[in-house]
Each structure stands twice: as structure tokens, then as C-alpha cells.
There are 2 protein chains.
Amino acid sequence: MKYEIGQSAEFSKTIAECDVYAFAGITGDFNPLHTNEEKAGRMYFGKRIVHGMLTASFLSTVIAGSMPGPGTIYMEQDAKFLRPVFFGDTITARVTIAELLEKGRARLTTVVTNQDGVVVVDGTALVKLPKED
Amino acid sequence: MKYEIGQSAEFSKTIAECDVYAFAGITGDFNPLHTNEEKAGRMYFGKRIVHGMLTASFLSTVIAGSMPGPGTIYMEQDAKFLRPVFFGDTITARVTIAELLEKGRARLTTVVTNQDGVVVVDGTALVKLPKED
């Protein structure tokens, strides 16, 4: 595959309570904001929200799976957590090639939106592209 | 709690195969590098490795749980994936207050090391600190 600026791919998923709870179990991040409806109800967002790093992880899914895809070496990711993601929200992670750099590297724009098209996570990634066939 | 530059906390965990497989199931990232020993064995690292975003997620665990701790608003995270993490590695995520900024914000240094003290993920985070008591 020949890589060009503007190529992009996406991955969508409805994030369920079980995703958030499994992620809490793996990471040990049981912040009440994510796993305690009573406390979360009295905090900023009024109910439990998804871990920001879980939402951002779907960017990695796109990078590894489809754009640039298998063989990519993931070097850097930055993420701004702009809006909360709630249980049951359907998010779409989109990755686009923004710059082709020397040494086979590329800068990607990485954006996650919710079902209303609102950007919830914005950022960029740096990767080493797979060898072109 | 009064926040000061240099305050830090950490979280350690041995990352097991089940962690990586559960994370793959949640995120849909079944890159063979993480979940196919046969293919991973013929790739760069010679065996399956942990998803970079999973390793980086332990930084969020520290930020939410202990430094700065409950009430922190997580605004940004950047992460450089410097070295592979293998199944069975014991990682330590350490978060340190690096700068106190206006509007109650802080810049944190966020580093994950393995059992040999090698830095596997390096980065920074931007947070809004909890209100001081």
C-alpha cells in the first residue's frame, strides 16, 4: 500500500457499562466518577463517565488495524479530553494521515467523536509506517 | 491537600496475558503483535507485547486515585511509547507535579518503567487540580 496524506479510517463502538467496568478492573482506576453512580451523580457531569484513556484507546485500534494498519510502529500519542463520554454513547475514532515525514514516519490526526458529532478526544499520533509493498 | 511541585505517587502491576486479552476485547485491537504468538514471534519483538495505550492507562490510575487524586479533571495526556512491555512484566506508573499553572491547573510528568527500571512510556499530563481544602 502506498500511503498518502488524507487517507483515513475509522472504528465505531457503543461503549457499554461492562467495557468501563472491565477497564477499571484491568487498570485499577476505580475513580467514583467511573464506577460509583451515587458519587458521580453529585459530581461535575451528573452521572458516571467513561475513562478518557479508554476512549482514546480506540484510536490505537484504528492505527493498528486499518490506518496505517498492521506493521505500524506506534511511537507517540497525545490526547486532549474535551468532553465527557457517557455509558451507552456511540463513539467513532477516526485516524487520518496528516504528514509524511522522513525515515518512513507519519503524523496522524486522531479524533474521537460521539453520536452527535461532538469531538470528545482530539489529538495526534506519530508512527513509523509499515514497509510499502 | 496543598499541592506542591515534586509531589508524586505511583502504581505498580504485573501485566498478565488476561489483561491484554481483556483490553483487546474491549477495544477491538487484535493486532497480532498483541494476540497472536505465532505472528508476533516473527515480528520486531519476537513475542507478544502489551498494547501501548494499556500501559499508558496506568498513568490515569495514579492521576485519578492518588496524585493529584479524586476530583482531578484530566485534560490532556501525551505518551511516547519507548520500549515494548511483555506479558509478565511488572510496570510502575509514576506521576509527579512538575508545574503549578494558573486557573488551578498543573502539568504533571508521567513515566512508566518496567521491573528493570527501563522507561517504557514517557510523557506529560495537564490537569485541573481538585479544590484545596
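Source: prediction; values computed, not measured.

(A) The relation of the copies chain B and chain A, seen in detail. After a rotation of 180° and a shift along the axis of 0.0 Å, chain B superposes on chain A with an RMSD of 0.0 Å. On this basis, the relationship between the two copies can be described by a two-fold rotation axis. Minimal C-alpha separation from the rotation axis in chain B is found for D78 of chain B, amounting to 2.0 Å. Most of the interface of chain B is mirrored in chain A: 100% of its interface residues are interface residues there too.

(B) Expanded view of the environment of Q7 of chain B. All names here are of chain B. Mapped onto the elements of the fold, Q7 is located in the segment before β1 (8-14). Placed 122 residues apart in sequence, Q7 and L129 show a C-alpha to C-alpha distance of 13 Å. Filtering out sequence-adjacent residues up to four positions away, Q7 remains in contact with M1, K2, M67, V95, T96 and I97. Polar contacts involving the side chain of Q7 include one to the main-chain carbonyl oxygen of K2, which spans 3.1 Å. One polar contact links the side chain of Q7 to the main-chain amide nitrogen of E4, over a distance of 2.8 Å.

(C) Looking closely at the interface of chain B and chain A. On the chain A side, the residues contacting the 31 residues of chain B number 31 residues. Regarding the contact of chain B and chain A, the summed buried area is about 2,800 Å², with carbon and sulfur atoms giving 61% of it. Taken as a group, I26, M53 and F81 of chain B account for 24% of the area that chain B buries against chain A, more than any other trio of residues on that side. Summed over the shared surface of chain B and chain A, the result is zero salt bridges. The interface formed by chain B and chain A contains twelve residue pairs in polar contact (both at pLDDT 80 or more).

(D) Up close: the sheet that holds strand β2 (residues 73-81) of chain B. Ordered in space as β1(A)-β3(A)-β4(A)-β5(A)-β2(A)-β2(B)-β5(B)-β4(B)-β3(B)-β1(B), the ten strands form an open sheet in which the pairing is antiparallel. The sheet is open, and its two edges are formed by β1 (8-14) of chain A together with β1 of chain B, each paired on a single side. Adjacent strand axes in the sheet meet at a mean angle of 20° when their direction is disregarded. Pairing of strand β4 (residues 105-113) of chain B with strand β5 (residues 119-128) of chain B, which is carried by nine bridges, proceeds in the antiparallel orientation. From the neighbouring strand, A106 of chain B faces β5 of chain B, where its bridge partner is V127 of chain B.

(E) Broad picture of the pattern of salt bridges. Counted by the stated rule, this structure contains eight salt bridges over all chains. Across the pair E17 of chain A and R48 of chain A runs a salt bridge, and its minimum N-O distance is 2.8 Å. Placement of the pair is E17 of chain A in helix α1 (residues 17-27) and R48 of chain A in the loop between α3 (37-40) and α4 (52-65), with a sequence separation of 31 residues. In this structure, E10 of chain B engages R94 of chain B in a salt bridge whose closest nitrogen and oxygen atoms are separated by 2.5 Å.

Procedures and definitions
Residues numbered from 1 in each chain as written. Chains lettered and ligands numbered in written order. Predicted model: local features only at pLDDT ≥ 70, side-chain atom pairs only at ≥ 80, totals over all residues. Heavy atoms only, no water. Least-squares fit on C-alpha atoms with pLDDT ≥ 70 in both. Contact = heavy atoms within 4.5 Å. Helix = DSSP H or I, 4+ residues; strand = E, 2+ residues; numbered from the N terminus. Polar contact = N/O pair within 3.5 Å; in protein donor to acceptor, adjacent residues only side chain to side chain. Buried area = accessible area lost by both parts, 1.4 Å probe. Salt bridge = Lys/Arg side-chain N within 4 Å of Asp/Glu carboxyl O. Pairing = 2+ DSSP bridges. Axes fitted to C-alpha atoms, helices over the stretch in contact; angles between N-to-C directions.

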